[in-house]
Amino acid sequence: MAVSLCRPMLSRLSLCSLRAAWSSSAQRLDEADLVVIGSGPGGYVAAIKAAQLGLKTVCVEKDTRLGGTCLNVGCIPSKALLNNSHYYHMAKDDFASRGIKVDSVELDLNQMMKQKDKAVQALTSGIAALFKANKVSHVQGHGRISGRNEVTVTNGDSTTVIPARNILIATGSMVTPFPSIEIDEQQIISSTGALSLQKVPDHMILIGAGVIGVELGSVWKRLGAAVTAIEFLPHIGGVGIDMEISKLFQRVLQKQGMKFKLNTMVTGASKTDDGKVCVTLKSSKGDQQETMECDTLLVCIGRKPYTEGLGLEQHGISVDKRGCIPVNERFQTSVDSVYAIGDCIAGPMLAHKAEDEGIICVEGMLGGTPHIDYNNVPSVIYTHPEVAWVGRSEEYLKEQVGVLFCAY
């Protein structure tokens, strides 16, 4: 009996000792008015705006460089490659027809990648300079909500606790995985791997012909790859694009050499012994199956909110079936001291949308009246020519709203 009584007492003492040891080893910062988790376009803009409005602000970022997906492995590097691959295409295939003679145009892919990296480095270091100029504190590590007014940051063996009057989740999004296809970023790649290939593939297959697919597909087509896009939907360009524009856009890209298989789903992919990737396809309208081989398979079926490991559920913050954090018109979650913006809430996953939300959210914390009209958020596909739209499409107005539509 004596032993059975001692065991729970020892367990409680051990637990208390562990908590005390953790508490003494963790660095505890002074209370901040606002802690922003994530330094992408939404997060860093919100942090700077908050500091400019007089709030003591801390920005937590898990990666070594600021800027999030957009600046490091998204918008900026992809636009650098889109721009430079267009220059290469013009010099190699278009200048002669315009009366400009250029001899022996060659691709130096290594140098093109270095220029892309240089652009990324310049912009990410620029955010660090803006943080310093506006007195935004930067804490590196994985941030999670450890209380309604507390964020705990883990970086290796070190732990930092930051008390906060308000917390803003701006963690962005991550690549949506494809069931049964494992990405190795060598032959079977995501958009991240597509930005740093070491050589131009002979044949690249894209799973998805949305914005990411056609942009990155355009890059590698200009650089010399044969590109085939497999799309489950009956059109290219993703959700929201006007169907008339989509059809014209597809014709333009086909003239540039890209191939499309629409109304088609990918059912699997595997590496072959001769170094290829075998992709199994099936018509979305029937049982007809076929296989295709490629050197590189790019999985680009979209992105999903990055909300894992943030301590949401432990503090009563739920996510919807898409993984988005529900918020009210002031961007508050179900915990009134915790806010969320950008890709981790509902709406288009666009950098400029996240930036506006960040500014409006911070102003709302200080008593401002938040207002944003999501009908006026523009979308752009940075191919050549570029494709852009703003507002509802003709199809949406007819099918969802039921209004009469007149084209002028």
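Residues numbered from 1 in each chain as written. Predicted model: local features only at pLDDT ≥ 70, side-chain atom pairs only at ≥ 80, totals over all residues. Heavy atoms only, no water.

### With respect to the overall build of the chain
Alright, step 1. The number of helices and strands found in the chain is ten helices and 20 strands.
Alright, step 2. Its C-alpha atoms put the chain at 85 × 55 × 50 Å along the principal axes.
Alright, step 3. Accessible surface, the chain: about 21500 Å² in total, of which carbon and sulfur atoms supply 52%.
Alright, step 4. A distance of 2 Å separates the average location of the 40 positive side-chain charges in the chain from that of its 42 negative side-chain charges. (Helix = DSSP H or I, 4+ residues; strand = E, 2+ residues; numbered from the N terminus. Areas by Shrake-Rupley, 256 points an atom, 1.4 Å probe, with all protein chains shown as cover. Lys, Arg positive; Asp, Glu negative; His and termini not counted. Charge placed at Lys NZ, Arg CZ, Asp CG, Glu CD.)

### What about the packing of aromatic side chains?
Alright, step 1. Counted under the stated rule, the structure contains zero aromatic pairs.
Alright, step 2. In this structure, Lys62 packs its charged tip against the face of Tyr306, placed 5.3 Å from the ring centre.
Alright, step 3. One cation-aromatic arrangement involves Arg392 over Tyr396; the distance from NZ or CZ to the ring centre is 4.1 Å. (Phe/Tyr/Trp six-rings, centres within 6.5 Å; stacked < 30°, edge-to-face > 60°. Lys NZ or Arg CZ within 6 Å of the ring centre and 35° of its normal.)

### Remarks on the pairing of strand β5 (residues 142–147)
Alright, step 1. As paired elements, β5 and strand β6 (residues 150–155) share five bridges and run antiparallel to each other. By the bridge assignment, His142 is partnered in β6 with Thr154.
Alright, step 2. Hairpin remark: β5 followed by β6, antiparallel, with two residues in the connecting loop. (Pairing = 2+ DSSP bridges.)

### Describing the sheet that holds strand β15 (residues 289–294)
Alright, step 1. Strand order in the open sheet formed by three strands is β13-β14-β15, with antiparallel pairing between adjacent strands. Of all strands in the sheet, those bounded by a partner on one side alone are β13 (264–271) and β15. Geometrically, the sheet is characterised by an average inter-axis angle of 25° between neighbouring strands, direction not taken into account. (Axes fitted to C-alpha atoms, helices over the stretch in contact; angles between N-to-C directions.)

### Focus on the nonpolar core
Alright, step 1. Judged by nonpolar contacts, the single largest core of 48 residues is most densely connected at Val35, Phe131, Ile145, Ile162, Leu168, Ile169 and Ile325.
Alright, step 2. Not counting residues up to four positions away in its chain, the partners in contact with Val35 are Val58, Val60, Val151, Ile162, Ala164, Asn166, Ile167 and Leu168.
Alright, step 3. If you look at the next biggest cluster of nonpolar residues, it comprises 33 residues, including Ala209, Val219, Phe249 and Leu262. (Core = buried A, V, L, I, M, F, W, Y, C linked by side-chain atoms within 4.5 Å. Buried < 20%, exposed > 50% of the residue type's maximum accessible area, 1.4 Å probe, protein only. Contact = heavy atoms within 4.5 Å.)

### Digging into the packing of helix α4 (residues 75–94) against helix α7 (residues 211–222)
Alright, step 1. Two elements in contact, α4 and α7, have axes whose closest approach is 9 Å; the angle formed by their N-to-C orientations is 35°. Here α4 runs over α7; the crossing is left-handed. In contact with Ser78, Lys79, Leu81, Leu82, Ser85, His86, Tyr88 and His89 of α4, α7 contributes Glu215, Leu216, Ser218, Val219 and Arg222.
Alright, step 2. Of the residues that constitute the contact of α4 with α7, the class distribution is five nonpolar, five polar and three charged. (Left-handed = near helix turned anticlockwise from the far one by under 90°. Nonpolar A, V, L, I, M, F, W, Y, C, P; charged D, E, K, R; others polar.)

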